[in-house]
Amino acid sequence: INIEYNVSYIYHALYAYFDRDNVALPGLAKFFKDGSLEERGHAELLMEYQNKRGGRVVLKNILMPEMEFANEAKGEALYAMELALSLEKLNFTKLRELHAVAAKHEDASMSDLLEG
């Protein structure tokens, strides 16, 4: 849940950056805004599931993202997309670990949620 929220927050910062008048890349801004909403939706889905199963949601601090994404060596867009790729890989790895725990405990409901 916390990783999903952190990724959402970083994507939201990227949306704000690319939406600025001096950067003005509306396609990239929309991409990151949509990604932020998607990741937040994943967090909410996991929270609802945890509550339904009798668990308690414990949210941790969200890490403050960089607010300037300029990168002279790679360019802003490439840097942002490489950052997004690394975040997606991290998120995918954590979800696979969670799926492995569900499989180990024969929790078909959790496995189904993660595969859905």
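That block above? That's the structure.
Residues numbered from 1 in each chain as written. Predicted model: local features only at pLDDT ≥ 70, side-chain atom pairs only at ≥ 80, totals over all residues. Heavy atoms only, no water.

### Considering the packing of aromatic side chains
Following the criterion strictly, the structure yields 4 aromatic pairs and no others. Between Y11 and F32 the ring centres are 5.7 Å apart and the planes differ by 55°, which places this aromatic pair in the tilted class. Taken as a pair, Y11 in helix α1 (residues 2-19) and F32 in helix α2 (residues 26-52) lie far apart in primary sequence, 21 residues in all. Like F32, Y11 is buried. (Phe/Tyr/Trp six-rings, centres within 6.5 Å; stacked < 30°, edge-to-face > 60°. Helix = DSSP H or I, 4+ residues; strand = E, 2+ residues; numbered from the N terminus. Buried < 20%, exposed > 50% of the residue type's maximum accessible area, 1.4 Å probe, protein only.)

### What to know about the pattern of salt bridges
By the definition in use, this model includes 4 salt bridges. A salt bridge links R53 to D107, with the shortest nitrogen-to-oxygen separation between them at 3.2 Å. Here the residue R53 occupies a position in the loop between α2 and α3 (76-104), and D107 occupies one in the loop between α3 and α4 (108-115), the gap between them amounting to 54 residues. R53 sits in the partly exposed class, given a relative accessible area of 47%. The class for D107 is buried, based on a relative accessible area of 19%. The closest approach of N and O atoms between E97 and K94, which form a salt bridge, is 3.7 Å. With E97 and K94 both in helix α3, this residue pair falls 3 residues apart, about one helical turn. What makes E97 partly exposed here is its relative accessible area of 42%. Under the relative-accessibility criterion, K94 is labelled partly exposed at 37%. (Salt bridge = Lys/Arg side-chain N within 4 Å of Asp/Glu carboxyl O.)

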